[in-house]
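Each chain, written out:
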Amino acid sequence: LRQSSGAGMMDAKKALEATDGDIEAAAKWLREKGLAASAKRSDRENSQGVVALHVNGAVGVLVELKCETDFVAGSDQFKDEAETLAKLVSAGDESSVGARQAELDDLKITLKENIELGRVIRVEAGEGQILDSYLHIQGGRGVNGVLVVTDGGDTQLAHDVAVHIGFARPKYLTRDEVPAEAVAAEREVQETITRNEGKPEAALPKIIEGRMNGWDK
């Protein structure tokens, strides 16, 4: 029962006592108790995790699996589950992760953390397009994944762009995509900084505009 459920010895003993030694019933008892316990953990912060990347020809997939601690995030069991999810999505679509719900529930019980599926991204390059990727590894696990599709160019160019995105982490591709309130807030900050530096009043607009251009880049 311990081997099949991943439960501790005392928990396995309690389950067998509660079910008169019936292994199947005991496994069900453990799962029900474990799910109840994991539900209590659902409000705990899960800011750690792993990003799994899977590329197969023209299809690229990123799956984010979240947990509470870097200890669990770096465990083979946790990383393997993220890899399995990514391969499922590659063969199907984003909804394919639903086939692993029971395994994710079991993982919450076994690892005793608030484990949750984060973002699931599937990208497919079209005719004449190039797909490449970059996965930043830290502490033995993927923490930042990028998929890039280019029109034209070559694989090296797409990869270079992916690496740059992984480093710079841009939120937008063009100036038009940046929300007006974000631009206004940054302009206010730059104006305050420039004034505090004692720049001449007449030079302020040009200096601020130059700094805003730098922020845009």
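See the structure above.
Residues numbered from 1 in each chain as written. Predicted model: local features only at pLDDT ≥ 70, side-chain atom pairs only at ≥ 80, totals over all residues. Heavy atoms only, no water.

(A) Structural view of the overall build of the protein chain. What the protein chain contains, in helices and strands, is nine helices and five strands. Its C-alpha atoms give the protein chain a radius of gyration of 24 Å, more than 25% over the compact-globule value 17 Å for 217 residues. Viewed in the frame of its principal axes, the protein chain has a C-alpha envelope of about 85 × 45 × 30 Å. The buried share of the protein chain, reckoned over its 217 residues, is 31%. (Helix = DSSP H or I, 4+ residues; strand = E, 2+ residues; numbered from the N terminus. Rg over C-alpha atoms; globule rule 2.2 N^0.38 Å. Buried < 20%, exposed > 50% of the residue type's maximum accessible area, 1.4 Å probe, protein only.)

(B) Highlighting the packing of helix α5 (residues 76-91) against helix α6 (residues 101-111). At a minimum axis distance of 11 Å, the contact between α5 and α6 shows a crossing angle of 170°. One way to sum up the angle between α5 and α6 is to call them roughly antiparallel. Contacts between α5 and α6 involve Gln 77, Phe 78, Glu 81 and Leu 85 from the former and Glu 103, Leu 104, Leu 107, Thr 110 and Leu 111 from the latter. Broken down by class, the residue content of the contact of α5 with α6 amounts to five nonpolar, two polar and two charged. (Axes fitted to C-alpha atoms, helices over the stretch in contact; angles between N-to-C directions. Parallel < 35°, antiparallel > 145°, perpendicular 65-115°, else oblique. Contact = heavy atoms within 4.5 Å. Nonpolar A, V, L, I, M, F, W, Y, C, P; charged D, E, K, R; others polar.)

(C) Examining the pattern of salt bridges more closely. Inspection of every chain in the model, using the stated rule, returns ten salt bridges. A salt bridge links Lys 108 to Asp 105; its shortest N-O distance comes to 3.9 Å. A residue pair is termed a helical-turn pair when its members lie 3 or 4 positions apart in one helix, as Lys 108 and Asp 105 do in helix α6 at three residues. Taking the shortest distance from any N to any O, the salt bridge between Arg 175 and Asp 216 comes out at 3.0 Å. Pair noted here: Arg 175 is in the loop between α7 (155-168) and α8 (180-196) and Asp 216 is in helix α9 (residues 204-216), with a separation of 41 residues, a long-range link. The exposure class of Arg 175 is exposed, given its relative accessible area of 53%. Here the salt bridges share partners, and the residues they tie into one network are Glu 81, Arg 100 and Glu 103. (Salt bridge = Lys/Arg side-chain N within 4 Å of Asp/Glu carboxyl O.)

(D) Broad picture of the sheet that holds strand β3 (residues 116-124). Read across the sheet, three strands follow the order β1-β2-β3 without closing on themselves; strand pairing throughout is antiparallel. At either margin of the open sheet sits one strand with a lone partner, and together these are β1 (48-56) and β3. Neighbouring strand axes in the sheet, compared pairwise and without regard to direction, differ in orientation by 10° on average. As defined by bridge partners, strand β2 (residues 59-67) adjoins β3 across seven bridges and the pair is classed as antiparallel. (Pairing = 2+ DSSP bridges.)

(E) Structural detail: the pairing of strand β4 (residues 129-138). Here β4 runs beside strand β5 (residues 141-151); their pairing, made up of ten bridges, is antiparallel. Within the sheet, the bridge partner assigned to Ser 133 lies in β5 and is Leu 147. Taking the residues between adjacent antiparallel strands as the criterion, β4 and β5 are bridged by two residues, where Gly 139 takes a positive phi near 65°.

(F) Fine view of the packing of α8 against α9. Where α8 contacts α9, the axes come no closer than 9 Å and their chain directions differ by 130°. Judged by the angle between their axes, α8 and α9 are oblique. Note that α8 runs across α9; the crossing there is right-handed. Within the contact between the two elements, α8 uses Ala 182, Val 183, Glu 186, Arg 187, Gln 190, Glu 191, Ile 193, Thr 194 and Arg 195 and α9 uses Leu 204, Ile 207, Ile 208, Glu 209, Arg 211, Met 212 and Trp 215. Among the residues forming the contact of α8 with α9, the class breakdown is eight nonpolar, two polar and six charged. (Left-handed = near helix turned anticlockwise from the far one by under 90°.)

(G) Examining the nonpolar core more closely. If you look at the biggest cluster of nonpolar residues, it comprises 20 residues, and the most contacted ones within it are Val 63, Leu 65, Phe 78 and Ile 115. Looking at this core, the elements with two or more residues in it are β1, β2, α4 (70-73), α5 and α6. Formed by five residues, the second largest nonpolar core is a distinct cluster that contains Leu 1, Ala 15, Ala 26 and Leu 30. (Core = buried A, V, L, I, M, F, W, Y, C linked by side-chain atoms within 4.5 Å.)

(H) Structural detail: unusual backbone geometry. For Asp 20, which is not a glycine, the phi torsion comes out positive at approximately 55°. Along the chain, the position of Asp 20 falls in the loop between α2 (9-18) and α3 (23-40). Residue classification places Asp 20 among the exposed positions, given a relative accessible area of 77%.

(I) Up close: the pairing of β1. Here β1 pairs with β2 via nine bridges, running antiparallel. Across the sheet, Asn 56 pairs through a bridge with Val 59, a residue of β2. Once β1 ends, the chain turns through two residues before running back antiparallel as β2, passing Gly 57 with a positive phi of about 65°.

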